[in-house]
Amino acid sequence: NEYQVTTLSDSDYLKALKNKLIEEAKEVTQAESKEDITKEIADLYEVIATLAEALDINPEAINTMQEERREARGGFKEKLMLLWTKV
């Protein structure tokens, strides 16, 4: 096996992590079996955790923000989808 690696600058590292986040999210949408979806979600979680760490974001702050946003905007458990809104 042959390969080449490089060390990224901080800004390139963050950009690469954000791109990896998109890639892993797409892989979740393409997975079909529960086992494959679980693996892809695990990969997605890994990228999220690494991105948060790189930005010095405390995981508890993420959980708190998630709860606040769920309270304010609702979650997804009721299977409702907003079709339109009028301002």
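Described in the following lines is the structure provided in the data block.

So, how was this worked out
Residues numbered from 1 in each chain as written. Predicted model: local features only at pLDDT ≥ 70, side-chain atom pairs only at ≥ 80, totals over all residues. Heavy atoms only, no water. Axes fitted to C-alpha atoms, helices over the stretch in contact; angles between N-to-C directions. Helix = DSSP H or I, 4+ residues; strand = E, 2+ residues; numbered from the N terminus. Parallel < 35°, antiparallel > 145°, perpendicular 65-115°, else oblique. Left-handed = near helix turned anticlockwise from the far one by under 90°. Contact = heavy atoms within 4.5 Å. Nonpolar A, V, L, I, M, F, W, Y, C, P; charged D, E, K, R; others polar. Buried < 20%, exposed > 50% of the residue type's maximum accessible area, 1.4 Å probe, protein only. Patch = residues over 30% accessible without salt bridge, like charges linked within 9 Å, V, L, I, M, F, W, Y side chains within 5 Å. Areas by Shrake-Rupley, 256 points an atom, 1.4 Å probe, with all protein chains shown as cover. Salt bridge = Lys/Arg side-chain N within 4 Å of Asp/Glu carboxyl O. Lys, Arg positive; Asp, Glu negative; His and termini not counted. Charge placed at Lys NZ, Arg CZ, Asp CG, Glu CD. Expected span 1.5 Å × (residues − 1). Arc of directions from axis to C-beta.

## Considering the packing of helix α1 (residues 10-30) against helix α2 (residues 34-54)
- Running from amino to carboxyl end, α1 crosses α2 at an angle of 160 degrees, the nearest separation of the two axes being 9 Å. It follows from the interaxial angle that α1 and α2 lie roughly antiparallel. Relative to α2, the crossing made by α1 is left-handed. Packed against α1, whose contacting residues are Tyr13, Leu14, Leu17, Lys18, Lys20, Leu21, Glu24, Ala25, Glu27 and Val28, the element α2 presents Ile37, Glu40, Ile41, Asp43, Leu44, Val47, Ile48, Thr50, Leu51 and Ala54 at the interface.
- Considering only residue class, the contact of α1 with α2 consists of 13 nonpolar, 1 polar and 6 charged.

## Quick look at unusual backbone geometry
- You will see that Asp56, though not glycine, has its phi angle at about 55 degrees, which is positive.
- The topology assignment puts Asp56 in the loop between α2 and α3 (59-73).
- Of note in the backbone geometry, Lys79 takes a positive phi value of approximately 65 degrees without being a glycine.
- For Lys79, the position within the fold is in the segment after α3.
- Residue Lys79 is classed as exposed on the basis of its relative accessible area of 76%.

## Topic: a negative patch on the surface
- The grouping of Glu60, Glu67, Glu68 and Glu71 at the surface amounts to a negative patch.
- Checked against the element boundaries, Glu60 lands in helix α3.

## Digging into α1
- Across its 21 residues, α1 extends 30 Å between first and last C-alpha, which sits within 8% of the 30 Å expected from 1.5 Å per residue.
- By the burial criterion, the buried members of α1 are Leu17, Glu24 and Val28. The arc that holds every buried residue of α1, seen down its axis, measures 45 degrees, which confines them to one face. In this structure, α1 carries Ser11, Lys15, Thr29 and Gln30 as exposed residues pointing more than 90 degrees from its buried face.
- Along its buried surface, α1 packs onto α2.

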